[in-house]
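# Coordinate inspection notes
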Amino acid sequence: MKFEDIRKLHQKKFREELGFFIVEGEHLVQELQKVAKRDARLRGSEIYLTRDYAHWSSPLPVHIVQSKQMAQISETRSPQGIAAVVPLLTTAAAEPRRAIYLHEVQDPGNLGTILRTLAWFGGFRCLLSPDSVDVHTGKVVRASMGAIFHVPVEIDVPLDTLRARFARIACLDLGGKPLASAGFREFDCYLFGNEARGLPAAAKALASAFTIPGTDAIESLNVAASVNISLYELNRPA
């Protein structure tokens, strides 16, 4: 890829046009190389290094760049000197069949954290509604700590398509049954809402409602915390 095109990948429209995104730092590049051994899509990635990382061993194509060029590739203030250009990883419906659906989640840190939790427990794909944060933006990728390479993600999934795909749908709502109630583990898709607005009425109409009991000292839980607790409950030994 031409260097001027790499710099464009900071913008969503060029990521979509060119079909690539950027990952930065040793950990993410190591995770990329590990997963590329079993995921052929990732073998189209290319590694970019400064001379400080000239010793780096990779089965993927490697390019040595100047520090000022790395600074242009990087979105962070203090680049580590190692980055990669990676094919976009969004996927069509496939395994695993069970899903977490996020409706208009906006915070990159929340989405990255949710991907980490999904990668930790396994068994679920991530569905993003239209108008959600871009899963390939740098802040999401870094917050995911490599989980983006492990979790199947579908983007721009309309809410009104869920009923045709999933026979049993649950959501988190303050008026729902406690999470530990019998039956919570039996659903195929779990819905979580926007950080400020929660889920729209149309989403709640699709789903059986459950809640995470608390003290009512604050209005609600962070969406990433809600997903984390729900996935723990779904995976907790009975």
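Turning next to the overall build of the protein. Along the protein, the regular secondary structure elements total nine helices and ten strands. The buried share of the protein, reckoned over its 238 residues, is 46%. Entry remark: accessible area of the protein is about 12,000 Å², with carbon and sulfur atoms responsible for 51%. With 28 positive and 26 negative side-chain charges, the protein shows a separation of 4 Å between the mean positions of the two kinds.

Glancing now at helix 3 (residues 26–36). Residues of helix 3 that are buried include every one of Leu 28, Val 29, Glu 31, Leu 32, Gln 33, Val 35 and Ala 36, and no others. Against the buried residues of helix 3 lie strand 1 (20–24), strand 2 (46–49), strand 4 (82–87) and helix 6 (138–144).

This next bit is on the nonpolar core. Among soluble globular proteins, nonpolar side chains are generally buried collectively. One finds Leu 102, Leu 115 and Phe 149 to be the most contacted residues of the largest nonpolar core, which totals 49 residues. Setting aside residues no more than four positions away along its own chain, Leu 115 makes contact with Cys 126, Val 135, Val 140, Ser 144, Ala 147, Val 151 and Val 153. Listed in part, the 14 residues of the second largest apolar core include Tyr 101, Leu 127, Leu 191 and Ala 207.

Non-glycine residue Glu 104 carries a positive phi angle of around 55 degrees. Unlike most non-glycine residues, Asp 131 shows phi in positive territory, near 70 degrees. Structurally, Asp 131 is set in the loop between strand 6 (125–128) and helix 6.

Here we come to the sheet that holds strand 2. Here four strands make up an open sheet; going across it, the order is 1-4-2-3 and the pairing mixed. Whereas interior strands pair on both sides, the edge strands pair on one side only; in this sheet they are strand 1 and strand 3 (62–64). With strand direction ignored, the average angle separating the axes of adjacent strands in the sheet is 25 degrees. Helix 3 contacts strand 1, strand 2 and strand 4 of the sheet and is inclined by roughly 40 degrees relative to strand 4.

Turning our attention to the environment of Phe 20. Residue placement: Phe 20 occurs in strand 1. The exposure class of Phe 20 is partly exposed, given its relative accessible area of 22%. For Phe 20 and Thr 76, which are 56 residues apart along the polypeptide, the C-alpha to C-alpha distance reads 18 Å. Non-local contacts of Phe 20, meaning those with residues more than four positions away in its chain, are made with Met 1, Leu 9, Arg 15, Gly 44, Val 85, Val 86, Pro 87 and Leu 88.

Another point: the sheet that holds strand 7 (residues 153–154). With respect to topology, six strands assemble into an open sheet ordered 7-6-5-9-8-10, the strand pairing being parallel. Both edges of this open sheet fall to strand 7 and strand 10 (208–211), since each of them pairs with a single strand only. Sheet analysis places strand 8 (residues 169–178) next to strand 10, joined by five bridges and oriented parallel. Looking across to strand 10, one finds that Cys 171 is bridged to Ala 209.

The rules behind the values
Residues numbered from 1 in each chain as written. Predicted model: local features only at pLDDT ≥ 70, side-chain atom pairs only at ≥ 80, totals over all residues. Heavy atoms only, no water. Helix = DSSP H or I, 4+ residues; strand = E, 2+ residues; numbered from the N terminus. Buried < 20%, exposed > 50% of the residue type's maximum accessible area, 1.4 Å probe, protein only. Areas by Shrake-Rupley, 256 points an atom, 1.4 Å probe, with all protein chains shown as cover. Lys, Arg positive; Asp, Glu negative; His and termini not counted. Charge placed at Lys NZ, Arg CZ, Asp CG, Glu CD. Contact = heavy atoms within 4.5 Å. Core = buried A, V, L, I, M, F, W, Y, C linked by side-chain atoms within 4.5 Å. Pairing = 2+ DSSP bridges. Axes fitted to C-alpha atoms, helices over the stretch in contact; angles between N-to-C directions.

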